[in-house]
Amino acid sequence: MRKYSFRGGIHPLRDTHEGKELTRNKPIREVVAQVVRIPMDMHIGAPSEPIVKKGDRVLIGQKIAEAVGGIGVPVHASVSGTVTEVAAYQMMHKKPSMCITIENDGLEEWVQLAPLGDVETAAADKIIPAVKEAGICGMGGACFPTHIKMSPPAGKVVDTVLLNGAECETFLTADFRLMLEQPERVVNGLRAVMRAMGVKRGIICIEDNKPEAIQAITKAAAGREGVEVGTLKTKYPQGGEKQLIYSVLGREVPAGGLPMDAGVVVLNVGTAAAIADAVIEGKPLISRVTTISGAVAAPDNLLLRIGTLLKDAAEACGGYAKEPGKIFVGGSMTGVCAPNDEASISKANNGLVVFDEKDAQLPDESSCIRCGRCIDACPVWLNPYQMKRDYQLGKLDEMEKKLHVMECVLCGSCSYVCPARQYLTPAFKDAKDIITARRMKQ
Ligand code: SF4
Ligand code: SF4
């Protein structure tokens, strides 16, 4: 069997352990929170505008915030109950996020839904509007509004949809369990996207360390028009969009370009499952599978309502095993460090990984020995040690124009392999933020 791969990357499993063993055999378990605090800025683009106020009663799936601007998506209530607050809280972004807090009444009452029907017979031109109305954005961590991805501008020809089931990040097994337990939802979502976009080829891409998922998806995909299953070599960051496209199709996304510039749309398998729900059942995105792992008493894969507080998610897994030092939302390689456990699970949060105080400590940096390991590990062919040197010298123009730091996908592979423990990725994140802010001012 052919296994797809790319240049560079790392193998966390071979070097130490990747943490997936903590939850890979844990079936998805639904946990419904008593209180949800739903942020308005869970997607890329302008934050949504609340349309409910304190004291309002809401039903599950009811729209509680409208999309704003060209690439916004609406937000829906994830529990039935009473709105207790509309206020700003510190979430994962630099600035506080406007949030709607709902006290769950436990009645589980849904709003009236308007399904389109079976993905093979539903009106194709109604699918993209339904995806937008369902508030779906990239559930693999990217948060990009999905209806925009599915609507390439005139002149861009997309001939392939790739479903990303690589889940190459350490600790995370949410996508694995979804593919294993609910493969039909994933395949149905892919078919809905293919029909809506008029694309004939769809490939569900899964790393070879998930043979059970490959088997389940292959079975569910049998006989479905244009649907293939692609086996990827287990390597981090195989799930990066550019790496995935290169691995599977041998196509390169041009610098500064998007997957559609290579004729491809890439969606996470969880996003596909949400699309299937929107089309077949008319359900908006109100819950997601999230791996809760690391220093919690009983790591698990939970189906959580959007807006569940991190502390409640940890509590549902027996609480913290040790005093937390860092809480990553996402995996430990690309996840964002939460400000505290009062933040909430958003549409894009596929994991919550807790490090105790000892594991959270960063080793001391020592001088670069110019070994070149960071260059070998970089999946986008950058020169991390030279970028770090220019960062320290404040040469951001050089980083941008000569060393192409904006192409850095912040995967952390260079930091991971560096024997000098150089803080490489944080420096590149900072440089990218500064350059982006500068560009926006111009
Ligand atoms: S891996 Fe670390 S020590 Fe080696 S060249 Fe890169 S920055 Fe320097
Ligand atoms: S963090 Fe950036 S520079 Fe480092 S390996 Fe990943 S893409 Fe390359």
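Residue numbering note: each chain is counted from 1, following its sequence as written. Whichever chain is written first is A, and whichever ligand is written first is 1; the rest continue in order. The predicted nature of this model means local features are confined to residues of pLDDT at least 70 and side-chain atom pairs, given and counted, to a pLDDT of 80 or more, with totals for whole chains, interfaces and linings taken over all residues.

Engineer: It is not clear to me how the overall build of the chain should be interpreted in this structure. Could you clarify?
Structural biologist: Looking only at helices and strands, the chain has 15 helices and 17 strands in total. Seen through its principal axes, the chain has C-alpha atoms that stretch 65 × 50 × 50 Å. Exposed residues have 12 or fewer other C-beta atoms within 10 Å of their own C-beta, buried residues have 20 or more, and residues in between are partly exposed; the C-beta atoms are placed from the backbone. Per-residue burial over the chain gives 52% buried out of 442 residues. Counting contacts in the chain only where the partners sit at least 6 residues apart, residues at least 24 apart contribute 71% of the total. A run of DSSP states H or I qualifies as a helix once it reaches four residues; a run of E qualifies as a strand once it reaches two. Both are numbered from the N-terminal end. Contact criterion: two residues are in contact if their C-beta atoms, reconstructed from the backbone, are within 7 Å.

Engineer: So what exactly am I meant to see when it comes to the site of ligand 1 here?
Structural biologist: Taken together, 14 residues surround ligand 1, and among them C368, C371, C374, Y385 and C418 come closest. When residues of the shell around ligand 1 are traced back to their parent elements, those giving at least two are α11 (373-377) and α12 (384-392). Of the residues belonging to the shell around ligand 1, the class tally is ten nonpolar, two polar and two charged. Nearness rests on one distance test: the residue's C-beta atom, set from the backbone, must lie within 6 Å of the molecule or strand. As a working rule, the residues Ala, Val, Leu, Ile, Met, Phe, Trp, Tyr, Cys and Pro are called nonpolar, Asp, Glu, Lys and Arg charged, and the rest polar, with Gly in that last group.

Engineer: I tried to follow the sheet that holds strand β9 (residues 160-165) on my own but got confused; where do I start?
Structural biologist: The pairing of strands in a sheet happens through backbone hydrogen bonds and is either parallel or antiparallel. Strand order across the open sheet formed by four strands is β11-β10-β9-β12, with parallel pairing between neighbours. Every other strand in the sheet has two partners, leaving β11 (227-232) and β12 (264-268) as the edge strands with one partner each. Ignoring strand direction, the axes of neighbouring strands in this sheet form an average angle of 25°. Two strands make a pair as long as DSSP finds a minimum of two bridges between them. Bridging between strand β10 (residues 201-207) and β11 involves six bridges; their strand directions are parallel. Paired with G202 across the two strands is V227, which belongs to β11. Axis angles are defined between N-to-C directions and span 0 to 180 degrees, where every axis is a line fitted to C-alpha atoms and, for a helix, only to the segment in contact. In the packing of helix α6 (residues 211-221) onto the sheet, the strands contacted are β9, β10 and β11, and the crossing angle to β11 comes to about 165°. Relative to the sheet, helix α8 (residues 269-280) contacts β9 and β12, its axis offset from that of β12 by approximately 85°.

Engineer: I would appreciate a short explanation of the site of ligand 2 in the present structure.
Structural biologist: What surrounds ligand 2 is a group of 16 residues, the closest being C378, C408, C411, S413 and C414. Elements with a contribution of two residues or more to the shell around ligand 2: α14 (413-417) and α15 (424-441). Top contributing element to the shell around ligand 2 by residue count: α15, with three residues.

Engineer: Just to check I follow, could you spell out the nonpolar core for this structure?
Structural biologist: The nonpolar side chains of soluble globular proteins are, as a tendency, buried together. What we call a nonpolar core is a set of buried Ala, Val, Leu, Ile, Met, Phe, Trp, Tyr and Cys residues whose membership is set by joining through C-beta atoms within 7 Å. Within the largest apolar cluster, 130 residues are counted, with the highest numbers of intra-cluster contacts made by V186, V193 and I217. V186 has contacts with L163, L178, M179, I204, I217, V269, A272 and A273, leaving out every residue within four places of it along the chain.

Engineer: Explanation requested: the domain arrangement of the chain in the structure shown.
Structural biologist: Reports often express the size of an interface as the amount of accessible area lost when the parts come together. According to the domain assignment, the chain consists of domain 1 (12-24 + 120-280) and domain 2 (373-441). Residue ranges assigned to the domains are those given by an automatic or database domain assignment. Using C-alpha coordinates to define each centre, domain 1 is positioned 28 Å away from domain 2. Contact residues are listed per partner, giving six residues for domain 1 and seven residues for domain 2.

Engineer: Teacher, can you tell me more about the packing of helix α4 (residues 174-181) against α8 here?
Structural biologist: Close contact between α4 and α8 brings their axes to 9 Å; oriented N to C, the two are set at 45°. In terms of axis orientation, α4 runs oblique to α8. Note on element contacts: α8 touches α4 through V269, G270 and A273, opposite D175, L178 and M179. Orientation categories follow fixed angle ranges, with anything under 35 degrees roughly parallel, anything over 145 roughly antiparallel, 65 to 115 roughly perpendicular, and all other angles oblique.

Engineer: What's the story with α8 in this structure? I'm lost.
Structural biologist: One turn of an α-helix holds 3.6 residues; hence residues three or four places apart share an orientation. Between its first and last C-alpha atoms α8 spans 16 Å; for twelve residues at 1.5 Å apiece the expected length is 16 Å, and the two agree. Where burial is concerned, most of α8 is hidden: eleven out of the twelve residues are buried. Those residues of α8 that fall on the buried side of the exposure criterion are V269, G270, T271, A272, A273, A274, I275, A276, D277, A278 and V279. Following α8 by one or two positions, G282 has its phi on the positive side, about 75°. To estimate the expected span of a helix, count its residues, drop one, and scale the result by 1.5 Å.

Engineer: Honestly, the packing of α12 against α15 in this entry has me stumped. Any pointers?
Structural biologist: Each packed pair of helices is defined by two parameters, the angle between the axes and the distance between the axes. At a minimum axis distance of 10 Å, the contact between α12 and α15 shows a crossing angle of 60°. Taken together, α12 and α15 sit at an angle that is classed as oblique. Here α12 runs over α15; the crossing is left-handed. Across from P384, M387, K388 and Y391 in α12, the residues of α15 making contact are L424, A427, F428 and A431. What makes a crossing left-handed is the near helix being turned counterclockwise from the far one by less than a right angle; a clockwise turn instead makes it right-handed.

Engineer: Is there a simple way to explain the sheet that holds strand β3 (residues 49-50) in this structure?
Structural biologist: As summarised here, the arrangement of the three strands in space is β3-β5-β6, forming an open sheet in which the pairing is antiparallel. Lying at the two open borders of the sheet, with one neighbouring strand each, are β3 and β6 (75-76). Note that β3 and strand β5 (residues 63-66) share two bridges and pair antiparallel. By the bridge assignment for β5, E49 is matched with E66.

Engineer: Just to check I follow, could you spell out the pairing of β9 for this structure?
Structural biologist: Regular strands place side chains that alternate from one sheet face to the opposite one. Across the six residues of β9, six count as buried, placing the element largely inside the fold. Alternating positions in β9 separate into two faces, T160, L162 and N164 on one and V161, L163 and G165 on the other, with burial throughout. Pairing of β9 with β10, which is carried by six bridges, proceeds in the parallel orientation. Across the sheet, the residue bridging to N164 is C205, located in β10. When β9 meets β12, the two strands line up parallel, connected through five bridges. Bridging across to β12, L162 finds its partner in V266.

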